[in-house]
Every structure is written in structure tokens, then in C-alpha cells.
Amino acid sequence: MTIGSNGHTGGFRLGLLVSHLRDEEKMILAAAQERCIPVDVLQDRRLALDLTSPNPPAVDVVLDRCIAHTRGGYALRAFERWGIPTINSSRAAAICDDKVEMTAALAAAGVPTLKTSVAFSVPGALDVAEQLGYPVVLKPVGGSWGRLLAKANSRASLQTILEQKQQLGTHHHSVFYLQEYIDKPGRDIRVLVVGDEVIAASYRSAGHWITNVARGATSTRCEITPDIAEIAVDAVRAVGATLAGVDLVETPDGLKVIEVNGGVEFKGLRTTTELSLPDVILDHAISAAVLSRWDVGEAISV
Ligand SMILES: Nc1ncnc2c1ncn2[C@@H]1O[C@H](COP(=O)(O)OP(=O)(O)O)[C@@H](O)[C@H]1O
Ligand SMILES: [Mg+2]
């Protein structure tokens, strides 16, 4: 028997930080049960983090599967302070949760990504769009599942969208993230990276220009070429993550990164690979726990 650094006895124990259980979390829980890995489900809404007399959960690593990013961010930072490794780190999660931060991190690391600017006023955004050219894509900085993305084909339609966002939205909606539009071949590529390795890749195809599985795109297997592997691993490294899904787009100038997703969904991707993605994720969580204990000279039994 091994004594864990968080005071619990016994072998590896996983903390699964969730907002609610989506299909992916249910799959991770089922895989853990199959392998007799104990899991504490940490529901973000129910957490009460004692900041003055820390009350860390008795787990060896926390896997962040939150969709409520504000709560998730606070929880990750507390866990890290209390010495619990988290996947991903709070810093990487914060970068992935904010498209402005993420694009800036990709650009700073020299990872090919789409031409993007952020503006804070309607005239400023219209100026940016003139430089990018039409059509132009406008995205919420904290969005996912392809929600609230807009493609404006002209200055007039962009102005209408911007003014509506400014009038009807909260101040977050007046952070205008504008991007060149890529006329892609009816698909993008979702790549799962764990550590420094590409685990699986799939094409996501749809009749619509937005090809999220959550919006009905279909997933088919994509061969992991050296180009795909290189750009995906570089992208994940650039944001400081160790487990992420990278969205790539095929452009006339080669592959470019659309975004990096920290709490990656893999419903579509899993149908295109023989690998058990929940098991790959569990293995990664175990390694992270072992490595962090190793750093402080402790053993862990798995
Ligand atoms: N600049 C773009 N040009 C063409 N298609 C895009 C562009 N940006 C996003 N898309 C399409 O929209 C989808 C969702 O965009 P993304 O930035 O990944 O937002 P989300 O976080 O909502 O998934 C992408 O997977 C891609 O199919
Ligand atoms: Mg996406």
C-alpha cells in the first residue's frame, strides 16, 4: 500500500472535474470502472473550496472536463496550489478557453494559424475586416460547439451583426474576434494529442461551413500524416496543454490551426479509431500523477 501525498491510502485515485456528465465523461467513468480505478466525480457547482484551511480532494490528479470555464478555472487553480496535478494546467485551460489568448499563443510560437485580429468597437472591427477581406468570420472569444459564429459577406452585413452584438449582448460580445474565412473542402480535421503524441485524427464533414460534430458534421478517419502530426503537437505545446483536440483546416498554403480545445470532446473521433480514447486519457492521467509524485520523491501504486 502506498500513502498518497494528499493523505489518502491506497493506489491511484482520479478526480474528474465536471459540470455534468456528457457522453465522454460517462465513457471515461466506464473505462475506469472496468480497470477498477477509483474516481471522485467533482461537480463544479457543488465544490466549496476552503481557501484558508485547504480541503483538497483526496485524489492524485484532477482531469478537467468542465464546461463551466469560470468555475473550472477557479477549481483548477486551487487544486494546483494544493499540490494536485491537473490536466490541463489552469494556465493552459485559460488559454484554450479564450480564443484571443489561444491565437496569440499559437502566433507567438510560430504555429501556422489563420489571420486574426481583435477589436473593441464597431469602427475598429470594420477596419480590421477591410484588411482581412470578405467574407470574414466573427467568433465569440469564449464559444464552442460552433455556436454564435458568423460569416459576413460584406461590410454592410458585418456592421449589422456587430451593432446587434454590441446592443444586445453583454460586454463580452463587444470583444470582436475577426478572422479570415477559409473556403475549405467541406471539412476540417480534428486531431487528438496526448502528451507529445497524436492519438487519432478525423475529417469532420458537413454541408455547412461550420463543421462541428455538435452541429451534425460526420466524422471519418483521417490518416495521420507527418504534417498533421507536427502542426497538431506544436499547437498543443504552444498553449501549454498535454491533452487537447486541435482543429485544423486545409488551406492553399498548407495546414493551419483553427483552435485548440482543452476539454476535448471525442464522440465523433472515437468512431474513427480502434483505440479506446477513454483508456488513452486514463493512462495519461496516471502518468501525470506518477510523474508529479516522482518529482517529490514519492511512489504511487496503480
Ligand atoms: N476562419 C474560418 N474559415 C472557415 N471555416 C471556419 C473558420 N473558423 C471556423 N470555421 C469552421 O467553424 C468550426 C468552428 O470553429 P471554431 O473556431 O473551432 O469554434 P468552436 O470553438 O465553436 O468549435 C470549425 O471547426 C470550422 O469548420
Ligand atoms: Mg472547434
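Residues numbered from 1 in each chain as written. Chains lettered and ligands numbered in written order. Predicted model: local features only at pLDDT ≥ 70, side-chain atom pairs only at ≥ 80, totals over all residues.

A. Representation of the pairing of strand β1 (residues 14-18) in the model. Burial within β1 is extensive, with 5 of its 5 residues counted as buried. Neither face of β1 is open: one carries L14, L16 and V18, the other G15 and L17, and all of them are buried. Two strands pair when backbone bridges link them, and β1 and strand β2 (residues 39-43) are joined in this way by 5 bridges, in the parallel orientation. Looking at β2, one finds that L14 is bridged to V39. Crossover handedness for the path β1 to helix α1 (residues 23-34) to β2: right-handed. Two elements, β1 and strand β3 (residues 61-65), share 5 bridges in a ladder whose sense is parallel. Across the sheet, the residue bridging to L14 is V61, located in β3. (Buried ≥ 20, exposed ≤ 12 C-beta atoms within 10 Å, placed from the backbone. Helix = DSSP H or I, 4+ residues; strand = E, 2+ residues; numbered from the N terminus. Pairing = 2+ DSSP bridges. Right-handed = clockwise from strand over helix to strand, strands pointing away.)

B. Looking closely at the site of ligand 1. Looking at ligand 1, there are 22 residues lining it, with V137, S144, I182, I210 and T211 nearest. When grouped by side-chain class, the residues that make up the shell around ligand 1 number 9 nonpolar, 6 polar and 7 charged. No fewer than three residues from each of domain 2 (96-112 + 183-272) and domain 3 (116-180) sit in the shell around ligand 1. (Near = placed C-beta within 6 Å. Nonpolar A, V, L, I, M, F, W, Y, C, P; charged D, E, K, R; others polar. Domains from an automatic or database assignment.)

C. Seen up close, the sheet that holds strand β10 (residues 197-205). The strand order across the open sheet built from 5 strands is β11-β10-β9-β12-β13, with neighbouring strands paired in antiparallel fashion. The sheet is open, and its two borders are formed by β11 (218-221) and β13 (254-261), each paired with just one other strand. The average undirected angle you get between the axes of adjacent strands in this sheet is 30 degrees. Bridging between strand β9 (residues 187-194) and strand β12 (residues 243-251) involves 6 bridges; their strand directions are antiparallel. Residue pairing across strands places V194 opposite L243, the latter belonging to β12. Relative to β9, helix α8 (residues 277-295) is tilted by about 40 degrees, and along the sheet it contacts β9, β10 and β12. (Axes fitted to C-alpha atoms, helices over the stretch in contact; angles between N-to-C directions. Contact = placed C-beta atoms within 7 Å.)

D. Molecular detail of the domain arrangement of the protein chain. When the domains of the protein chain are assigned, the result is domain 1 (14-87), domain 2 (96-112 + 183-272) and domain 3 (116-180). Here the C-alpha centroids of domain 1 and domain 2 sit 25 Å apart. At the level of secondary structure, the elements contributing two or more residues to the side of domain 1 that touches domain 2 comprise α1 and β3. Along the lines of polarity and charge, the residues of the side of domain 1 that touches domain 2 split into 3 nonpolar, 1 polar and 4 charged.

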